[in-house]
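Coordinate inspection notes
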Amino acid sequence: MAPHGEGSDSAGETMIAQDEKQRISTVVIVIAMQTEALPLVKKFNLTEDNDSLFPEAVPWVRYRGTYKDLNVNIIWPGKDLTLGVDSVGTLPASLVTYSSIQAFKPDLIINAGTAGGFKAKGANIGDVFLASDVAFHDRRIPIPVFDLYGVGSRQAFSTPNLLKELNLKVGKLSTGDSLDISPQDEAELLQMMLQLKTWREQLCYVADILKSLQYL
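Residues numbered from 1 in each chain as written. Predicted model: local features only at pLDDT ≥ 70, side-chain atom pairs only at ≥ 80, totals over all residues. Heavy atoms only, no water.

Thoughts on the overall build of the protein
A tally of regular secondary structure across the protein gives seven helices and twelve strands. Burial analysis of the protein (216 residues in total) assigns 40% to the buried set. Sequence-distant contacts in the protein: of pairs separated by 6 or more residues, those separated by 24 or more amount to 70%. For the protein, the accessible area works out to roughly 12400 Å², and carbon and sulfur atoms hold 56% of it. (Helix = DSSP H or I, 4+ residues; strand = E, 2+ residues; numbered from the N terminus. Buried < 20%, exposed > 50% of the residue type's maximum accessible area, 1.4 Å probe, protein only. Contact = heavy atoms within 4.5 Å. Areas by Shrake-Rupley, 256 points an atom, 1.4 Å probe, with all protein chains shown as cover.)

Quick look at the structure:
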């Protein structure tokens, strides 16, 4: 993880070389909505964990199993306890990611799901993207330095082999807590040259704090 756009190409190549030597054995996949999670649960033949390591009373759901030589954990934040809808947004994602790191000690975190896209930036319905960078588009703090903190720009973990093998698109990703888009949000998105909009930057923030994790 290279926070706030820091690091040279050589530094990034060094990080990739070091990470390639580290064997990945435990993966946590965080997914916001149950309808997004269940196809992967079925694909990997995972089972719901009824003896969760999460705090009592939280609605978070863990599906677990083994795929090839990987310990796979799909984490879904569950349903809101009051309204019964999927717990989407940056706050549930941050909490469930931090708790998953503490409980399962993953080598890799994957945040998977759907996002809005901009056709003018090359995004089409059904495209699969790997995020190269992530940032907030609606966390505006108009004070020097705090404005950079609010945007929170970070680089995702580089996966050149995955990119080449699957022939995926690469795009910059933004996050916020509103599904609609205000004129000011749209202006921020265009200024940052982002292709995708979703609720994902907060996972990068958690992984960046804990440093030893790879975030995809």
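Alright, that's what it looks like, and here's the rest.
What to know about helix α2 (residues 34–43)
Every buried residue of α2 is accounted for by E36, A37 and V41. Take α2 and look down its axis: the buried residues cluster within an arc of 130°, on one side only. Seen from the buried face of α2, the exposed residues on the opposite side, beyond 90 degrees, are T35, P39, K42 and K43. Tucked into the core, α2 has its buried residues touching β4 (61–67) and β5 (70–76). Positive backbone phi, approximately 55°, marks N45, located one or two places after α2. (Arc of directions from axis to C-beta.)

Considering helix α3 (residues 90–104)
The periodicity of an α-helix, 3.6 residues per turn, causes residues three or four places apart in sequence to face the same way. The end-to-end C-alpha separation of α3 is 21 Å, in line with the 21 Å expected for 15 residues at 1.5 Å each. Where α3 is concerned, the buried positions are T90, P92, A93, V96, T97, S99, S100, I101 and F104. (Expected span 1.5 Å × (residues − 1).)

Describing the packing of aromatic side chains
Any aromatic ring pair is given by two values, namely how distant the centres are and how the planes are angled relative to each other. Under the criterion given, the structure shown has three aromatic pairs. Consider the rings of F54 and F104, whose centres lie 5.6 Å apart with planes at 70°: the pair is edge-to-face. In this pair, F54 sits in the loop between β3 (47–48) and β4 while F104 sits in helix α3, placing the two residues 50 residues apart along the sequence. An aromatic cluster is present here, built from F54, W60 and F104 joined pairwise through their rings. Across the ring face of F136, the terminal group of R139 is positioned such that the distance to the ring centre comes to 4.0 Å. (Phe/Tyr/Trp six-rings, centres within 6.5 Å; stacked < 30°, edge-to-face > 60°. Lys NZ or Arg CZ within 6 Å of the ring centre and 35° of its normal.)

Focus on unusual backbone geometry
Despite not being glycine, N45 shows a phi value in the positive range, around 55°. Looking at the element boundaries, N45 is found in the loop between α2 and β3. Using a relative accessible area of 65% as the deciding quantity, one classes N45 as exposed. Even without being a glycine, N167 presents a positive backbone phi close to 55°. Among the residues examined, N167 registers a relative accessible area of 69% and is labelled exposed.

Comments concerning the pattern of salt bridges
Tallying each qualifying case throughout the model produces four salt bridges. For K79, the salt bridge goes to D86, with nearest N and O atoms at 3.8 Å. Exposure remark for K79: the relative accessible area of 33% places this residue in the partly exposed category. Residue D86 is classed as buried on the basis of its relative accessible area, which comes to 15%. (Salt bridge = Lys/Arg side-chain N within 4 Å of Asp/Glu carboxyl O.)

A short note on the environment of M33
Relative to the elements of secondary structure, M33 occurs in the loop between β2 (26–30) and α2. Apart from the residues lying within four places of it in its own chain, the contact partners of M33 are W76, D86 and V88.

Re the confidence of the model for the protein
A residue-level look at the protein finds 78% of positions with pLDDT of 70 or above and a mean pLDDT of 81. Within the model, the stretch residues 1–17 combines pLDDT values under 50 with 20 contacts to residues more than four positions away or in other chains. (pLDDT = per-residue confidence, 0-100.)

What about the nonpolar core?
Within the largest apolar cluster, 13 residues are counted, with the highest numbers of intra-cluster contacts made by I29, I31, V41, L46, Y63, V72 and I74. Those elements giving two or more residues to this core turn out to be β2, α2, β4 and β5. For this core, the element with the highest residue contribution is β5, accounting for three residues. Core analysis: the next-biggest nonpolar cluster, separate from the first, contains nine residues, V30, I75, I101 and F104 among them. (Core = buried A, V, L, I, M, F, W, Y, C linked by side-chain atoms within 4.5 Å.)

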